[in-house]
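Chains, contacts and geometry: an overview
What follows is the residue order along each chain.
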Amino acid sequence: MAHILAAVHDQRVLLVDNDKQGNASRMLGRHSYGKPGMAEILTDPGVDMEELVRHTDYEGLDIVTANMNLLSACLAVLMDRKRPRETRLRKALEQVEERYDFCIIDNAPDINISTANALVASDDVLVPVTIDEFALDGLAELKEQIDNTRRELNPALRFCGCFITRYDRLNEADRQGQEYLETLAEYPLFHTRIRRTVKMKQSTFAREPILLYSSRCGASRDYKELVEEYLGMCPGRTRKGENRK
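Residues numbered from 1 in each chain as written. Predicted model: local features only at pLDDT ≥ 70, side-chain atom pairs only at ≥ 80, totals over all residues. Heavy atoms only, no water.

1. Observations concerning the overall build of the protein
A tally of helices and strands in the protein yields 12 helices and 6 strands. For the protein, the spread of C-alpha atoms along the three principal axes comes to 55 × 35 × 35 Å. Expressed as a percentage of the 245 residues in the protein, the buried residues total 44%. A total of about 13300 Å² of accessible surface is found on the protein, and carbon and sulfur atoms cover 48% of it. Across the protein, the mean location of the 35 positive side-chain charges is 3 Å away from that of the 40 negative side-chain charges. (Helix = DSSP H or I, 4+ residues; strand = E, 2+ residues; numbered from the N terminus. Buried < 20%, exposed > 50% of the residue type's maximum accessible area, 1.4 Å probe, protein only. Areas by Shrake-Rupley, 256 points an atom, 1.4 Å probe, with all protein chains shown as cover. Lys, Arg positive; Asp, Glu negative; His and termini not counted. Charge placed at Lys NZ, Arg CZ, Asp CG, Glu CD.)

Have a look at this one:
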């Protein structure tokens, strides 16, 4: 989504990798233990975002990286009682908010102090889900965390909904899972579904965004549609006169 916003819609995008595995950083060729990133945002009270933001190989797309140091950083935050814990990412992003049209925060699939920071810093939440036996197990807890954050720390936070990934329309379980999600009013569902394709896995080995690796595959077209659907929820957010489609 971050790459499509920059490449297709000509938006200035900052991608924040908020997952200790650093997969977003790896995909963009910027994963490194020697470079400061998300861990320093959480632990350094005088953090300078100018030192953390790194350009990517794609015009309009910058990144704040993450690696396994984020795990120890989260533990350090929990032990630190001198500063507020949940607002550190928001305060850091305020340093560069005038430089970007969108900030995409890629979170780990769990709820921890770095995820709490992401929710406090965000306007919108989008949740990717796969249809399997365990796919919906954490949705209730995540929704509760979103509601708590909205009530206590970020009244403007909006739960935009879930979108299904790795979808196989020929699979009866996938179709039934989609129909079940559509009955859950508390979990709004995006109309766009990201189809299962081997090109997605191949693109991770090639370290290329899916739009460049295989622009004609189903998932590539679906992600473009998903971005369009999301932008339809955000009137006035894109820069007028600079939107390429």
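Now, onward.
2. Description of the packing of aromatic side chains
Note on aromatic pairs: each is described by the distance of the centres and the angle between the planes. This structure, assessed with the given rule, holds 1 aromatic pair. Its guanidinium or amino end placed over the ring of Tyr 167, Arg 193 lies 4.9 Å from that ring's centre, counting from NZ or CZ. (Phe/Tyr/Trp six-rings, centres within 6.5 Å; stacked < 30°, edge-to-face > 60°. Lys NZ or Arg CZ within 6 Å of the ring centre and 35° of its normal.)

3. Concerning the pattern of salt bridges
One pass over the full model with this rule turns up 10 salt bridges. Note that Arg 195 and Asp 222 form a salt bridge whose closest N and O atoms lie 2.9 Å from each other. Taken together, the residues span a long stretch of sequence, with Arg 195 in the loop between helix H9 (172-182) and helix H10 (198-206) and Asp 222 in helix H12 (residues 218-232) at a distance of 27 residues. Since its relative accessible area comes to 34%, Arg 195 is described here as partly exposed. One continuous salt-bridge network, built from bridges that share partners, spans Asp 80, Arg 83 and Arg 88. (Salt bridge = Lys/Arg side-chain N within 4 Å of Asp/Glu carboxyl O.)

4. Some details on the nonpolar core
In terms of nonpolar packing, the biggest core is built from 27 residues, with Val 13, Leu 15, Leu 61, Tyr 223 and Tyr 230 touching the most fellow members. Sorting the residues of this core by element identifies helix H1 (2-7), strand S1 (13-18), strand S3 (61-64), strand S6 (158-164), helix H11 (210-213) and H12 as the ones contributing at least two each. If one sorts the elements of this core by residue count, H12 sits on top with 6 residues. In contact with Leu 15, other than residues within four places in its own chain, are Ala 2, Ala 24, Leu 28, Leu 61, Asp 62, Ile 63, Val 64, Ile 104 and Asp 106. Among the nonpolar cores identified, the runner-up in size contains 25 residues, and Ala 39, Cys 74, Leu 89 and Ala 118 belong to it. (Core = buried A, V, L, I, M, F, W, Y, C linked by side-chain atoms within 4.5 Å. Contact = heavy atoms within 4.5 Å.)

5. Brief notes about the packing of helix H7 (residues 113-121) against helix H8 (residues 139-152)
For the pair H7 and H8, the least separation of the axes is 10 Å and the interaxial angle reads 50 degrees. With respect to H8, the element H7 is oriented oblique. Here H7 and H8 pass one another in a crossing that is right-handed. Between H7, through Ala 116, Leu 119 and Val 120, and H8, the contact on the second element is made entirely by Gln 145, Ile 146 and Thr 149. Among the residues forming the contact of H7 with H8, the class breakdown is 4 nonpolar, 2 polar and no charged. (Axes fitted to C-alpha atoms, helices over the stretch in contact; angles between N-to-C directions. Parallel < 35°, antiparallel > 145°, perpendicular 65-115°, else oblique. Left-handed = near helix turned anticlockwise from the far one by under 90°. Nonpolar A, V, L, I, M, F, W, Y, C, P; charged D, E, K, R; others polar.)

6. Let's talk about a nonpolar patch on the surface
A cluster of nonpolar side chains, namely Tyr 33, Met 68, Leu 71, Leu 75 and Leu 78, defines an oily patch on the protein surface of about 490 Å² accessible area. Counting through the fold element by element, Leu 78 comes out in helix H5 (residues 69-79). (Patch = residues over 30% accessible without salt bridge, like charges linked within 9 Å, V, L, I, M, F, W, Y side chains within 5 Å.)

7. Focus: H7
The element H7 is extensively covered by neighbouring structure, given that 8 of its 9 residues are classed as buried. Those residues of H7 lying buried are Ile 113, Ser 114, Thr 115, Ala 116, Asn 117, Ala 118, Leu 119 and Val 120.

8. Points about the side chain of Arg 30
For Arg 30, the position within the fold is in the loop between helix H2 (23-27) and helix H3 (38-43). Owing to a relative accessible area of 16%, Arg 30 belongs among the buried residues under this scheme. In terms of polar contacts, Arg 30 uses its side chain to reach the backbone carbonyl oxygen of His 55, at 2.9 Å. Apart from residues no more than four positions distant in its own chain, Arg 30 is found in contact with Ser 25, Arg 54, His 55, Thr 56, Asp 57, Ile 63 and Thr 65. (Polar contact = N/O pair within 3.5 Å; in protein donor to acceptor, adjacent residues only side chain to side chain.)

9. Focus: the side chain of Ser 220
One can find Ser 220 in helix H12. Among the polar contacts listed, one links the side chain of Ser 220 to the backbone oxygen of Ser 215, at a separation of 3.4 Å. Excluding residues that lie within four positions of it along the chain, Ser 220 makes contacts with Ile 210, Leu 211, Ser 214 and Ser 215.

10. Considerations on the sheet that holds S1
Here we have 4 strands laid out as an open sheet, ordered S2-S3-S1-S4, and mixed in their pairing. Edge positions in the sheet fall to strand S2 (54-55) and strand S4 (102-107), since each of these pairs with one other strand and no more. Examined bridge by bridge, S1 and S4 share 6 bridges and lie parallel to one another. Residue pairing in the sheet places Asp 17 in a bridge with Asp 106 of S4. (Pairing = 2+ DSSP bridges.)

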